[in-house]
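Tertiary structure, described
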Amino acid sequence: MEPLGKEWSETQDSIQVRLSTGGKLMKKILKSLILGMIGTLIVTSTVLSQNKGGTLTVGMDRPMTGFDSSMNPRPEYNRRNAMFPVYEDLFRRGTDGRLIPVLGLSLKSSSDKKNWTVNLKKGISFSNGEPFDASAYVAHFKRYQKSRAWGFLRGMVGPIKEVVAIGTYTVEFRMLRPFPAFAAIVSNPVYPMWANAPKHSMKVGKELNRQPVGTGPYMLANWTPGISITYVKNPNYRNPKRQHLDKIVFKVIKGELPRLNSVKSGAIDVMLTRDGKTASQAKKDSNLQVLTELVGGTTTIEFNTSRPPLNDIRVRKALAHAVNRRADLKASNEGFGIPSTDWFGPDSKWYCGGKTGYPEFNPGKAKGLIRAYGKPVKFKMVTMPIKNFVVGAKLHQTFWKRMGIEVELKVVPPGPAYFRAIRSGRFDAWLVGISEAVDPGLQAQAFFSKNRGNSTKSNFQDVDAALRRAWGSFRDNANRKAAYCDYVKAVIKQQPVLFRAHNNFSIIASNKVKGLKKSNLTLTRLHETWLTK
């Protein structure tokens, strides 16, 4: 330890001067000094207690489908969490809201919010040794924009026209329209922003989906499809002190109870879940820790509004009034979450306060609307074999049957097959979700008639007009919030979608896992944890 020098002497003199002017002031100063020393000791102790080594094993409920979002864009939380050890964000946000540099150094925008410039850090390498620079983002987005997935991905990264390297370490993102949400995108874990090494990407082509190369603290060592993924330390990572673990293994264990029992037995260290019953059971075990996030976004049922019977607003409103959403939440997720009235959620600063005009549970009104329609109501619906979805679909089917509505239900495996089924045109309704997002400009854009991802075939002038007004409200956050809540109301008025619930998301881990943090947008930083020995 360094000897106490001039700075301590000056502080000591200052205390001696104040002793003569009053004891209370002296006590306050001494108290501050003591608390500061204690804080330093606590921080030092925490750093020293971060054990090195070991393997963190994480239970996944479904297999990994790939790393290249131009081929496999879906935001399923298992996939995103399995990708995260390999990649990094440009920035983080501090608790005070300020940007914290990660890969980026600075961010600035044009006055009209159409151009965003990021200066990148120098001296960073990808795990294969390639230098990290602006060309990585240019190559990354060129691949995206050429892919069939671009319409979907643009919903998460914004209306990007082009990405240009205006210097070796300076990249400019040029938008089609003013887009203030981009500041939030680059400072949160938004997975389509995670870039791969450009030369490697060009060399391996489609195999990038199985051979990712990022700048993150870990890199892919082995992937046995359907079984497990293993990561080891990135030897070119710039901060080895943050690589606490030797390995991270994501292992497929289907079923909530088998995964929970695996955590309890020590076969795995961590599991992730949206299931309320599982989280409630875990909280009763003193050997486990449970961190829960009330997630924005909402589970939904979407309709094809372009053909009978769901092209009639009376039918869509009847379907909304017919369902007791609290019963749905209790049956499908043990009451874990709250019924949604927007796609932001109560923990979001954009939350509309529950005042969006979402239809109340009213079977009498539902029957009246069906009578007014005057024809039999029959349609096909598809869902995935996930408890929340299957139970929810069957419950809706039951409520609708009470109204004389006949629904044929089909279950299709999750992943590409499910979304092919939606795009096939064979179904009139499907269970999906509006993803949680860092900004309202990134959510539910697909109800805009000209959006490439408009699977509901929405074509409503009032919805389009409301969204255009929201896009134009970029200069003031209060006006933006009001405008986006007006957009929610316009969508609800036309009802191309039923809202179900804002669900919770939980990390369940053994007590030997240290450094756990609550998830953000269902993304965990498990690669930053360490294990007690």
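Along each chain, residue indices are assigned from 1 in the same order as the chain's sequence is written. Under the rules for a predicted model, residues below a pLDDT of 70 receive no local features and side-chain atom pairs below 80 are neither given nor counted, while totals for whole chains, interfaces and linings still include all residues. Calculated side-chain values reflect all of the structure's heavy atoms, with hydrogen atoms and water omitted.

**Remarks on the sheet that holds strand S16 (residues 406-411)**
Threshold: Two strands pair under a simple rule: DSSP has to find at least two bridges between them. Secondary structure elements are taken from DSSP: a helix is a run of H or I of four residues or more, a strand is a run of E of two residues or more, and numbering for both begins at the N terminus. Here an axis means a line fitted to C-alpha atoms, over the contact stretch when the element is a helix, while the angle between two N-to-C directions is reported on a 0 to 180 degree scale. The contact rule is simple, with two residues in contact once any of their heavy atoms fall within 4.5 Å.
Ordered by their spatial adjacency, five strands build an open sheet running S16-S15-S17-S13-S18, and the pairing between neighbours is mixed. Unpaired on one side and paired on the other, S16 and strand S18 (497-499) mark the two borders of the sheet. Taking each pair of neighbouring strands and ignoring which way they run, the sheet shows an average axis angle of 30°. Two elements, strand S15 (residues 378-383) and strand S17 (residues 429-434), share two bridges in a ladder whose sense is parallel. Looking across to S17, one finds that valine 382 is bridged to tryptophan 430. This element, helix H14 (residues 416-423), spans S15 and S17 of the sheet and lies at about 120° to S17.

**Brief notes about the environment of isoleucine 185**
Within the secondary structure layout, isoleucine 185 lies in helix H6 (residues 182-185). Linking isoleucine 185 and aspartate 89, residues 96 residues apart in sequence, is a C-alpha distance of 9.3 Å. Excluding residues that lie within four positions of it along the chain, isoleucine 185 makes contacts with Met156, Val157, Gly158, Phe179, Val190, Met193, Val438 and Leu442.

**A word on the pairing of strand S4 (residues 104-109)**
Across five bridges, S4 lies against strand S5 (residues 115-120) in antiparallel orientation. Within S5, the position partnered with serine 109 by the bridge is tryptophan 116.

**Concerning the state of the cysteines**
Cut-off, in case you're wondering: Two cysteine sulfur atoms make up a disulfide if the distance between them is within 2.5 Å.
Under the counting rule described, the total for this entry stands at one disulfide. Here cysteine 352 pairs with cysteine 485 through a disulfide, and the sulfurs are 2.0 Å apart. The sign of the -100° torsion about the S-S bond sets the cysteine 352-cysteine 485 disulfide as left-handed. Here the residue cysteine 352 occupies a position in the loop between strand S14 (337-339) and helix H12 (363-373), and cysteine 485 occupies one in helix H16 (residues 477-494), the gap between them amounting to 133 residues.

**Here's the deal with the nonpolar core**
What counts, and what does not: In this text, buried Ala, Val, Leu, Ile, Met, Phe, Trp, Tyr and Cys residues form a nonpolar core when linked through side-chain atoms within 4.5 Å. Burial classification: accessible surface area is computed with a 1.4 Å probe over protein chains only, and a residue below 20% of its type maximum counts as buried, one above 50% as exposed, and the rest as partly exposed.
Among the nonpolar cores identified, the biggest contains 73 residues, and Tyr137, Phe141, Phe173, Phe182 and Met193 are the most heavily contacted of them. When residues in this core are grouped by element, the largest group, six residues, is from helix H4 (residues 134-146). When residues no more than four places from it in sequence are discounted, the contact partners of phenylalanine 173 are Lys114, Asn115, Trp116, Val118, Tyr137, Phe141, Ile160, Glu162, Val163, Phe182 and Met193. In this structure, Tyr418, Ala421, Ile434 and Trp471 belong to the second largest nonpolar core, which totals 61 residues.

**Looking at the packing of aromatic side chains**
The cut-off we apply is this: Pairs were defined over the aromatic rings of Phe, Tyr and Trp, the Trp ring being its six-membered one, requiring ring centres within 6.5 Å. Orientation was assigned from the angle between planes: stacked under 30 degrees, edge-to-face over 60, tilted for the rest.
Evaluated as defined, the whole model comprises 21 aromatic pairs. Look at phenylalanine 84 and tryptophan 194: their rings are 4.9 Å apart centre to centre, the planes differ by 10°, and that puts the pair in the stacked class. Note that phenylalanine 84 is positioned in the loop between helix H3 (77-83) and strand S2 (91-93) and tryptophan 194 in the loop between H6 and helix H7 (198-204), a separation of 110 residues in sequence. For the residue pair phenylalanine 84 and tryptophan 194, the accessibility class agrees, reading buried in each case. Taken together, a centroid distance of 5.6 Å and an interplanar angle of 80° make the contact between phenylalanine 141 and tyrosine 144 edge-to-face. Here tyrosine 144 and phenylalanine 141 lie together in helix H4, a separation of three residues that amounts to about one turn. There is no split in this pair, since phenylalanine 141 and tyrosine 144 are both buried. Taken together through their ring pairs, the aromatic side chains of Trp116, Phe126, Phe132, Tyr137, Phe141, Tyr144, Phe173 and Phe182 make up a single cluster.

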